[in-house]
Amino acid sequence: MVHGSLTRRQFIRVGAGAMAASAAPKVTVLEPIPLSSARVVSPSHMVRFASLGTRLRGCELLQPSLRVPGTECLGVCPLYASRHEAAREAVKKDVSAMRDYRKILDRKDVDAVIVATTDHQHRKVVVDACAAGKDVYCEKPMSHTVEDGFAMVDAAQKANRMIQIGSQGISSILYAKAKEIFASGRLGDVFMIEAYSDRNTASGAWVYPIPPDANEQTIDWNAFLDGAPKRPFDPVRLFRWRCFADYGEGLAGDLFVHLISGIHFITGTNTIAQRAQSTGGLFRWKDGRDFPDVIETFYDYPNFRVVLRCNLNNEGGGLLGFYGTKGTMVIKDSTLTVKPQDTRPQPESYSIYGWPAKLREEYLKKWHEENPLPAPLDFRVDEEVETFATPPGYDPVPDHQANFFNAVRSRKPVVENEVFGNNAAVGCHLANYAYFSRSVAVWDQGARKITRS
Ligand SMILES: NC(=O)c1ccc[n+]([C@@H]2O[C@H](COP(=O)([O-])OP(=O)(O)OC[C@H]3O[C@@H](n4cnc5c(N)ncnc54)[C@H](O)[C@@H]3O)[C@@H](O)[C@H]2O)c1
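Residues numbered from 1 in each chain as written. Predicted model: local features only at pLDDT ≥ 70, side-chain atom pairs only at ≥ 80, totals over all residues. Heavy atoms only, no water.

Considerations on the environment of Thr343
So the rule is basically this: Starting at the N terminus, helices and strands are each numbered in turn, a helix being any DSSP run of H or I of at least four residues and a strand any DSSP run of E of at least two. Between buried and exposed lies partly exposed: a residue is buried under 20% and exposed over 50% of the maximum accessible area for its type, with that area taken using a 1.4 Å probe on protein chains only.
Here Thr343 lies in the loop between β14 (335–340) and α11 (357–370). For Thr343, a relative accessible area of 46% puts it in the partly exposed group. Remark: the alpha-carbon pair of Thr343 and Ala116, spanning 227 residues in sequence, is separated by 48 Å.

Comments concerning the pattern of salt bridges
This is how it is decided: Salt bridges are defined as contacts in which a side-chain nitrogen from Lys or Arg sits within 4 Å of a carboxyl oxygen from Asp or Glu.
Enumeration according to the criterion identifies 29 salt bridges in this entry. Close ionic contact of Arg305 with Asp300 constitutes a salt bridge, the shortest N to O distance being 3.7 Å. Taken together, the shared-partner salt bridges connect Lys140, Arg199, Arg242 and Asp254 into one network.

Focus on the sheet that holds β14
Threshold: In this description, strands pair whenever DSSP reports at least two bridges between them. Where helices are involved, their axes are fitted lines through C-alpha atoms of the stretch in contact, as for all axes, and angles between N-to-C directions lie from 0 to 180°. It only takes one pair of heavy atoms within 4.5 Å for two residues to be counted as in contact.
Taken in spatial order, the eleven strands make up an open sheet running β1-β15-β14-β13-β12-β8-β11-β10-β9-β16-β17, and their pairing is mixed. Two strands lie at the open edges of the sheet, namely β1 (26–29) and β17 (449–452), each paired on one side alone. Ignoring which end each strand starts from, the neighbouring axes of this sheet average 15° apart. Where β14 and strand β15 (residues 386–389) come together, four bridges link them in antiparallel fashion. Counterpart to Val338 in the pairing with β15 is Glu386. Sheet strands in contact with helix α10 (residues 250–267) are β8 (190–198), β10 (294–300), β11 (305–311), β12 (317–324) and β13 (327–332), and its direction is about 145° off that of β11.

Observations concerning the nonpolar core
This is how the line gets drawn: For this analysis, a nonpolar core means a set of buried residues of the types Ala, Val, Leu, Ile, Met, Phe, Trp, Tyr and Cys, connected via side-chain atoms within 4.5 Å.
Counting 71 residues, the largest nonpolar core has Phe256, Ile266, Tyr299, Phe322, Met329 and Leu430 as the members making the most contacts within it. If near-sequence neighbours (up to four positions away) are discounted, Phe322 is found in contact with Phe182, Leu187, Val190, Met192, Ile193, Ile263, Ile266, Thr267, Gly327, Thr328 and Met329.

Digging into the sheet that holds strand β7 (residues 163–165)
Strand order in the open sheet formed by six strands is β4-β3-β2-β5-β6-β7, and the pairing between neighbours is parallel. Both outer strands of the open sheet, β4 (96–97) and β7, are each paired with one neighbouring strand and no more. As judged from the three bridges shared by strand β6 (residues 135–138) and β7, these two strands associate in the parallel manner. Among the inter-strand pairings, Cys138 is bridged to a residue of β7, identified as Ile165. The strands touched by helix α2 (residues 56–67) within the sheet are β2 (47–52), β3 (71–77), β5 (112–115) and β6, with β3 carrying the most contacts at an inclination of about 165°. Along the sheet face, helix α5 (residues 122–131) touches β2, β5, β6 and β7 and points at about 160° away from the line of β6.

A look at the packing of aromatic side chains
Basically, it comes down to this: Only Phe, Tyr and Trp rings are paired, with Trp represented by its six-membered ring, and only when their centres lie within 6.5 Å; those with planes under 30 degrees apart are stacked, over 60 edge-to-face, the remainder tilted.
A complete count under the given rule lists 14 aromatic pairs for this structure. On the basis of an interplanar angle of 70° and a centroid distance of 6.1 Å, the ring pair of Phe182 and Phe322 is categorised as edge-to-face. In this pair, Phe182 sits in helix α7 (residues 173–184) while Phe322 sits in strand β12, placing the two residues 140 residues apart along the sequence. Relative to Phe233, the ring of Trp221 has its centre 5.3 Å away and its plane inclined at 80°; by these criteria the two rings are edge-to-face.

With respect to the environment of Pro345
Within the secondary structure, Pro345 is located in the loop between β14 and α11. Along the primary structure Pro345 and Asn371 are separated by 26 residues, whereas in three dimensions their C-alpha atoms are 7.9 Å apart.

Observations concerning the side chain of Ser65
Take Ser65: it is sitting in helix α2. What makes Ser65 buried here is its relative accessible area of 0%. Beyond its immediate chain neighbours, meaning those up to four positions away, Ser65 contacts Phe49, Thr71, Ile114, Gln401 and Phe405.

Dropping the structure here:
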């Protein structure tokens, strides 16, 4: 076991420690990229857009969209009267508003639309927008059902439209760095990936307040329901729609989709997981919702396994971890940490305790003869942790909007097109299928459907 007075690993650690003592921990603050190469865009190159389904996210996206040079908002489409006012405040001008989104699609001066309706209406609005010749930014998750997603892919491709799906994390400068590190091979072979997104507030559990002016006069309830079962007016279902399977997909559609999109982007995966198994339960937020407040899903991909978790009962935040044979890469909040592993050969230690001393010594002697130590200081410190961080206040949303609006102008590919968005969304449907059917959800690519085993 002992070679001189130090084991091989201790020798290397001392070296690394000596290095570390003289050098500050390596933290690199990443540079944001400009939203456009052009400072001034001529009127003929402006991208004129409208926002359909303008409420929470629809309003939230207006300013980041307008920060991209060469964009102009021509209209908004809220089903709820007071959101016209909110949209006007966000746009900072008296933008026209209409309840029927098809009137906006009829306008020849609108190049592109942002679709921020409830998930169950994504398909209808996106298919109509493509048929009307508009490019589309559609919020995540792309689809409410597997069939919806493929109908949207077909519509976009038939009409040759630009589609960007709204998992903004993948336009983050941190994810770009993670993708670069993954592709470099620094992590070795990555067979295991885990990610979670945990929250512990009523808002995090979608128990949003009902505005006092919400009623059947201020809201077009029937337009909201379109495509879902008819029901009497119920503001809880409207404002907390993520809780209900008629309109949303629970934690999978709300949060897994960001994790899956991030994993697909960083690993360069452009397929749907082959199988999924889920567990979880509704333990705390028992307010009549359809979905669990804890879900954990295990996915099989051809080259690795993924485990995802969402828990609405603990403030765990979010994490994406890639566990490779040569190192570990973790994204947590606004930092990315890469921790290499010392993979140089080591003499066996644990299992030889059961050997007689003579055999043990012979084994160690032979091992050290075959594996001479490097000369002092003549080795690479490969245990140094490297950290990358985004600058304070960095937000990937404008980057994601810029990626879309610049692509509308240049016709170059977006970062999250309809096929990418559909692959991630089907991952969410696999998770829910497995959870509700209490079986293994199997993806049948040929039939474009989920089956059970
Ligand atoms: N990328 C993100 O981080 C992020 C964050 C929040 C929401 N989202 C997504 O944005 C979308 C909207 O979410 P939200 O929180 O803004 O919900 P919301 O309820 O605040 O807004 C959606 C609105 O769409 C309206 N709507 C539905 N059908 C419509 C139609 N046919 N025409 C016009 N309006 C219609 C509804 O009335 C509803 O008010 C969802 O797909 C959600 O998953 C994404």
